[in-house]
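Fold and contact review
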Amino acid sequence: MEPILEAKKLNLWYGPNHALHDVSIAIPEHEITAFIGPSGCGKSTFLRTLNRMNDLIPSVKITGEVDFHGQDLYGSSVDPTWLRKQIGMVFQKANPFPMSIYDNVAYGPRTHGIRNRVKLDEIVENSLRSAAIWDEVKDRLKKSALGLSGGQQQRLCIARALAVEPEVLLMDESTSALDPISTSKIEDLAAELKSQYTVVMVTHNMQQAARISDNTAFFLLGELVEFGKTEQLFSTPADKRTEDYITGRFG
Ligand SMILES: Nc1ncnc2c1ncn2[C@@H]1O[C@H](COP(=O)(O)OP(=O)(O)OP(=O)(O)O)[C@@H](O)[C@H]1O
């Protein structure tokens, strides 16, 4: 099967700091891929190269390429707004807009020109259902999103990301600020979403990677050390550094 995203010899610098070294990886469609590794090894930086979020940081320089369905994301013909519609992102800390639950989810579709009320109602309901939060909020759609719990806010942010019908959902430690029950809801959700979407997640939590991902990539000091099927990487890692990390010898 063709990968949906493929990085080829990707290098990234923050000013003089060479943060990613020759990263090459092919991310399979409709699977969950997890990035693990110690703090500061470049996981989030690499995740952000997948929808060009690093473009917003002035000192960044990138070489190499990232192909999305075979087309280089960094090519001059690619519109970053279009790209971020195809490849959505959910961050570590839930960041709902200070507006109603309904308007949070309708925000993206409205930006893309959808004005029809019936259509918007349908998108809002479907997105909230997909993010497994509809039942909790259906009677308070006009209330502020800021009144939701942390776990609910994070699922709302997932609904907001899904509302523009992306193909890929990037999750940057999206459960690290949540309690175990909310975390497990979001893990279940990620597992359900993969039938329709491709999920790529950064996690600090190796158990989480082992529990829910199909593929795992281990990063160290800006290098992709090992990438493979999650079961295999955790049971028979090919690289000594991966073994040392997953057995808790450092990190
Ligand atoms: N906006 C930025 N400007 C300058 N340097 C940055 C920026 N973001 C990250 N870095 C640097 O890039 C390197 C990789 O950081 P990154 O956040 O990608 O690692 P990480 O593996 O996701 O870490 P963590 O698990 O702690 O979030 C670090 O040296 C970090 O200091």
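Residues numbered from 1 in each chain as written. Predicted model: local features only at pLDDT ≥ 70, side-chain atom pairs only at ≥ 80, totals over all residues.

Counted only if it meets this: UniProt positions are given in the numbering used here, feature names are shortened, and annotations may be inferred rather than shown by experiment.
The name given to the protein in an unreviewed UniProt entry is Phosphate ABC transporter ATP-binding protein, with Dysosmobacter segnis as the source organism. Quoted verbatim from the Subcellular location (unreviewed entry) field of the UniProt record, the comment on the protein reads "Cell inner membrane". Under the UniProt heading Function (unreviewed entry), the entry covering the protein gives this text: "Part of the ABC transporter complex PstSACB involved in phosphate import. Responsible for energy coupling to the transport system."

1. Topic: the site of the ligand
Operational definition: Any residue whose backbone-placed C-beta atom lies within 6 Å of a molecule or strand is treated as near that molecule or strand. Runs of E in the DSSP output that reach at least two residues are strands. Runs of H or I that reach at least four are helices, and both are numbered from the N terminus. Gly is placed with the polar residues, together with every amino acid not listed as nonpolar (Ala, Val, Leu, Ile, Met, Phe, Trp, Tyr, Cys and Pro) or charged (Asp, Glu, Lys and Arg).
Surveying the vicinity of the ligand reveals 14 residues, the closest of which are Tyr14, Ser39, Lys43, Ser44 and Thr45. Elements with a contribution of two residues or more to the shell around the ligand: strand S2 (17–28) and helix H1 (43–49). Looking at which element gives the most residues to the shell around the ligand, the answer is H1, with three residues. Counted by class, the shell around the ligand contains five nonpolar, eight polar and one charged residues.

2. Looking at the packing of helix H3 (residues 101–111) against helix H4 (residues 117–130)
Relative placement of two packed helices is described by the angle separating their axes and the distance separating the axes. Heads up, the rule is: Axes here refer to lines fitted to C-alpha atoms; in helices the fit is confined to the stretch in contact. Angles between the N-to-C directions go from 0 to 180 degrees. With respect to orientation, any angle under 35 degrees is reported as roughly parallel, any angle over 145 as roughly antiparallel, any angle of 65 to 115 as roughly perpendicular, and every other angle as oblique. Take the far helix as your reference; a near helix turned counterclockwise from it by less than a right angle gives a left-handed crossing, and one turned clockwise gives a right-handed crossing. Whether two residues are in contact is decided by their C-beta atoms, placed from the backbone, lying within 7 Å.
Contact geometry of H3 with H4 gives a least axis separation of 9 Å together with a crossing angle of 110°. Looking at the two axes, H3 sits roughly perpendicular to H4. Here the hand of the crossing between H3 and H4 comes out right-handed. From H3, Tyr102, Val105, Ala106 and Pro109 reach across to H4, where they touch Leu120, Ile123, Val124, Ser127 and Leu128.

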